[in-house]
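Coordinate inspection notes
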Amino acid sequence: MTYNFDWSVLWRGQSGLWLLQGLVTTIEISVVAWVVAFTLGIFSGAVRTVSITPLRWLASFYVEFFRNVPLLVWMFFWYFAVPPLLPQPLQDWLFDHGAEFWAGVVALGVYHGARFSEVMRSGIQSIPKTLFEAAVSTGLTMAQAYRLIIIPIALRLIIPPATNESLNLIKNSSVALTIGVAELTFQTRQIETYTAKAFEALTAGTLIYLVLCLAIATTMSQLEKRFAIPGMITKRQTGEF
Amino acid sequence: MIEFRDVDKWFGSLHVLKRINLKVSGGEVVVVCGPSGSGKSTLIRCVNRLESIQSGEIIVDGQSLLDPKFDPSKLRTDVGMVFQSFNLYPHMTVLQNITLAPTKVKGLAAGEAEKVAKELLDRVGIPDKAGVYPANLSGGQQQRVAIARALAMKPKIMLFDEPTSALDPEMINEVLEVMTDLAHDGMTMVVVTHEMGFARRVAHRVVFMDEGQIIEEGKPETFFGAPQSPRAQQFLGKILSH
């Protein structure tokens, strides 16, 4: 093996700054896209369980349309295909204000929203129907029963798969490099290009993703314990078996 | 208070309620009994519109459930319901379970709702359980909380759908006692149950159903003493023999 390791490329020159900027952009695009995805997912996932047929169809259409097209295609679609359809002033404004960032947000948001939607739907479907009936039989409207009972319970139940999906969203934000978003993977590629040290650059990127995702997974697992519903199977009770 | 007029209901091709005519007056306690699948649960679930009907008419507290202006949520504030499976909100304490509807539906202040809830917990005999989660209660206690939750809306009618069927024998009585108290206070009650002792002691009238039809109805002493239809005789023979 003749490869000469040179880890100092990571802190010489601008590398450190690039990695930091990349991390910040990854976090920014992930957080904004997560809010979009989570909102779309919770709402459409809940709607898919109600008895109002047109709404249910609309939500099903959203899920099937947006989850069955590759994320990369969505990136290209929202960045290259959609802006030319917009009015000229809006186009100009977008391209002055990071159009690639917003296209990436929309692509990640709608794609993961569709996936969150299924997580939410399965969470709601694991709640006995009679609990909903008990809620509405006290006079709560359907919307109140969902807002006060069904969704809060489902949110607690779906923490593990929702964490999984959130981590996927962060990792998938790297696809946004294809439309020029200068996120973490984009920056590691840049370091590699400037220094020709692929192993060092990609190792740095790998570790940063790993630490970021592990930190989130740990936080979520704390949340899961904090919000565990008494009487449900949780980690704390496994000793009884 | 409740009136069924020629009510028919189907689940797909299954004819679950056949030409039901039934009147329940204010303050009356009616026990509905019959074999599994006879339509008795479906019958009371029609009263608060958890089920809709395909023909006939149901009138509850003076309003027709077929009226285009009819609002199920408004009706349900006057009609409490207790289920076989308790259905307490597992993520809320007992107190929160009881105060939720009064604060969210009637706009009662939190303090006022808590006062009402504590009085009701006292009434159902578990004043010390306000801060506990449902999972930490016995079945009998959970069902008593469910009754308190329904009563917190100050309903005019209470529906009970097999309230003791999921309970251990020793817990059945604590729930029946609460229901008996309620009946003595003059609550209009429709109770689907297999507790024939309760029916005998508390009911003003017993309705016997089979295959979606009301086969027989009458005062408990008549129904239990001298059932008219062969189907009712057979049913009572089976359940009273042990």
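This is a predicted model, so every value here is computed, not measured. (Residues numbered from 1 in each chain as written. Chains lettered and ligands numbered in written order. Predicted model: local features only at pLDDT ≥ 70, side-chain atom pairs only at ≥ 80, totals over all residues. Heavy atoms only, no water.)

Contacts between the two partners involve 24 residues from chain B, matched on the other side by 20 residues from chain A. Taking both partners together, chain B and chain A bury about 1,900 Å²; carbon and sulfur atoms supply 67% of that area. Broken down residue by residue, the surface that chain B buries against chain A is led by Tyr89, Pro90 and His91 of chain B, which jointly contribute 29%. Joining chain B to chain A, the criterion identifies one salt bridge. The partner of arginine 45 of chain B in a salt bridge is glutamate 133 of chain A, with the nearest N and O atoms 2.6 Å apart. For the interface between chain B and chain A, the tally reads four residue pairs in polar contact (both at pLDDT 80 or more). Examining the composition of the side of chain B that touches chain A, we find that four residues originate from one element, helix 3 (residues 94-105) of chain B, more than from any other. Residue classes in the side of chain B that touches chain A are distributed as 14 nonpolar, six polar and four charged. (Contact = heavy atoms within 4.5 Å. Buried area = accessible area lost by both parts, 1.4 Å probe. Salt bridge = Lys/Arg side-chain N within 4 Å of Asp/Glu carboxyl O. Polar contact = N/O pair within 3.5 Å; in protein donor to acceptor, adjacent residues only side chain to side chain. Helix = DSSP H or I, 4+ residues; strand = E, 2+ residues; numbered from the N terminus. Nonpolar A, V, L, I, M, F, W, Y, C, P; charged D, E, K, R; others polar.)

Further remarks concern the packing of aromatic side chains. According to the stated counting rule, one finds 24 aromatic pairs over all chains in the structure shown. Relative to tryptophan 7 of chain A, the ring of phenylalanine 5 of chain A has its centre 6.3 Å away and its plane inclined at 5 degrees; by these criteria the two rings are stacked. For tryptophan 7 of chain A, a relative accessible area of 35% gives the class partly exposed. Judged by centre distance (5.2 Å) and plane angle (50 degrees), the rings of phenylalanine 208 of chain B and phenylalanine 235 of chain B are tilted. Of the two residues, phenylalanine 208 of chain B sits in strand 9 (residues 205-210) while phenylalanine 235 of chain B sits in helix 9 (residues 230-240), which places them 27 residues apart along the sequence. One aromatic cluster in this structure is built from Phe61, Tyr62, Phe65, Phe66, Trp74, Phe77 and Trp78 of chain A. (Phe/Tyr/Trp six-rings, centres within 6.5 Å; stacked < 30°, edge-to-face > 60°. Buried < 20%, exposed > 50% of the residue type's maximum accessible area, 1.4 Å probe, protein only.)

Residues and elements named next belong to chain B. Read from one edge to the other, the open sheet built from four strands follows the order 2-1-4-5, with strand pairing classed as antiparallel. Whereas interior strands pair on both sides, the edge strands pair on one side only; in this sheet they are strand 2 (14-24) and strand 5 (63-64). Looking at chain direction, strand 1 (residues 2-11) and strand 2 are connected through seven bridges and run antiparallel. Counterpart to isoleucine 2 in the pairing with strand 2 is valine 24. With respect to the sheet, helix 1 (residues 40-47) is in contact with strand 1, strand 2 and strand 4 (55-60), its orientation differing from that of strand 1 by roughly 120 degrees. (Pairing = 2+ DSSP bridges. Axes fitted to C-alpha atoms, helices over the stretch in contact; angles between N-to-C directions.)

With that settled, consider the pattern of salt bridges. All names here are of chain A. For the structure on display, the rule yields 22 salt bridges over all chains. A salt bridge links arginine 67 to glutamate 118, with the shortest nitrogen-to-oxygen separation between them at 3.6 Å. Of this pair, arginine 67 sits in helix 2 (residues 53-67) while glutamate 118 sits in helix 5 (residues 99-125); the two residues are 51 residues apart in sequence, bridging distant segments of the chain. By relative accessible area, arginine 67 is classed as partly exposed at 32%. Of the residues examined, glutamate 118 reaches a relative accessible area of 19% and is grouped as buried. Within the structure, one salt-bridge network assembled from shared partners comprises Arg48, Glu64, Arg67, Glu118 and Arg121.

A word on the environment of valine 181 of chain A. In this fold, valine 181 of chain A is placed in the loop between helix 8 (159-172) and helix 9 (184-195). Residues valine 181 of chain A and isoleucine 29 of chain A, spaced 152 residues apart in sequence, show a C-alpha to C-alpha distance of 9.1 Å.

A separate point is the packing of helix 3 (residues 71-81) of chain A against helix 5 of chain A. All names here are of chain A. One way to put it is that helix 3 packs onto helix 5 with a least axis distance of 8 Å and a crossing angle of 135 degrees. Our classification of the angle between helix 3 and helix 5 gives oblique. For the pair helix 3 and helix 5, the crossing hand works out as right-handed. Together, Leu71, Trp74, Met75, Trp78 and Tyr79 of helix 3 and Ala99, Glu100, Ala103, Gly104, Val106, Ala107, Leu108, Val110 and Tyr111 of helix 5 make up the contact between the two elements. Class assignment for the residues of the contact of helix 3 with helix 5 results in twelve nonpolar, one polar and one charged. (Parallel < 35°, antiparallel > 145°, perpendicular 65-115°, else oblique. Left-handed = near helix turned anticlockwise from the far one by under 90°.)

Let us now look at the nonpolar core. Within the largest apolar cluster, 81 residues are counted, with the highest numbers of intra-cluster contacts made by Ile149 of chain A together with Phe4 and Val60 of chain B. Of all the elements, helix 5 of chain A adds the most residues to this core, at 13 residues. Setting aside anything within four residues of it in sequence, one finds phenylalanine 4 of chain B in contact with Ile20, Asn21, Leu22, Leu43, Cys46, Val47, Glu57 and Ile58 of chain B. Residues Ala130, Ile147, Val202 and Phe235 of chain B belong to the second largest nonpolar core, which totals 50 residues. (Core = buried A, V, L, I, M, F, W, Y, C linked by side-chain atoms within 4.5 Å.)

Residue and element names in this part refer to chain A. Two elements in contact, helix 6 (residues 129-137) and helix 7 (residues 142-157), have axes separated by 9 Å at closest approach and are oriented at 140 degrees. Judged on the interaxial angle alone, helix 7 and helix 6 are oblique. Crossing hand, helix 6 versus helix 7: right-handed. The segment helix 6 lies against helix 7, with Leu131, Phe132, Ala135 and Val136 engaging Met142, Ala145, Tyr146, Ile149, Ile150 and Ile153. Residues belonging to the contact of helix 6 with helix 7 are distributed by class as follows: ten nonpolar, no polar and no charged.

Residues and elements named next belong to chain B. With respect to the helices and strands, the residue asparagine 97 is situated in helix 3. At a separation of 2.7 Å, a polar atom in the side chain of asparagine 97 contacts the main-chain amide nitrogen of tyrosine 89. Each residue touching asparagine 97, except ones within four places of it in the same chain, is listed here: Leu88, Tyr89, Met92, Pro134 and Arg149.

All names here are of chain A. Where nonpolar side chains cluster on the molecular surface, the patch consists of Met1, Tyr3, Phe5, Trp7, Trp11 and Phe199 and spans about 770 Å² of accessible area. Relative to the elements of secondary structure, phenylalanine 199 occurs in helix 10 (residues 198-226). A relative accessible area of 45% means that phenylalanine 199 is categorised as partly exposed. (Patch = residues over 30% accessible without salt bridge, like charges linked within 9 Å, V, L, I, M, F, W, Y side chains within 5 Å. Areas by Shrake-Rupley, 256 points an atom, 1.4 Å probe, with all protein chains shown as cover.)

Once that is clear, we can look at the sheet that holds strand 7 (residues 157-161) of chain B. Each strand in a sheet pairs with its neighbour through backbone hydrogen bonds, running either in the same direction (parallel) or in the opposite one (antiparallel). Residues and elements named next belong to chain B. The strand order across the open sheet built from six strands is 6-7-8-3-9-10, with neighbouring strands paired in mixed fashion. In this open sheet, the two edge strands, each paired with only one partner strand, are strand 6 (79-82) and strand 10 (213-218). Taking the axes of each pair of neighbouring strands and ignoring which way they run, one obtains an average angle of 15 degrees across the sheet. Summarising the sheet, strand 3 (residues 29-33) and strand 8 (residues 188-192) pair through four bridges and their orientation is parallel. When the sheet's bridge partners are listed, valine 29 is paired in strand 8 with methionine 189.

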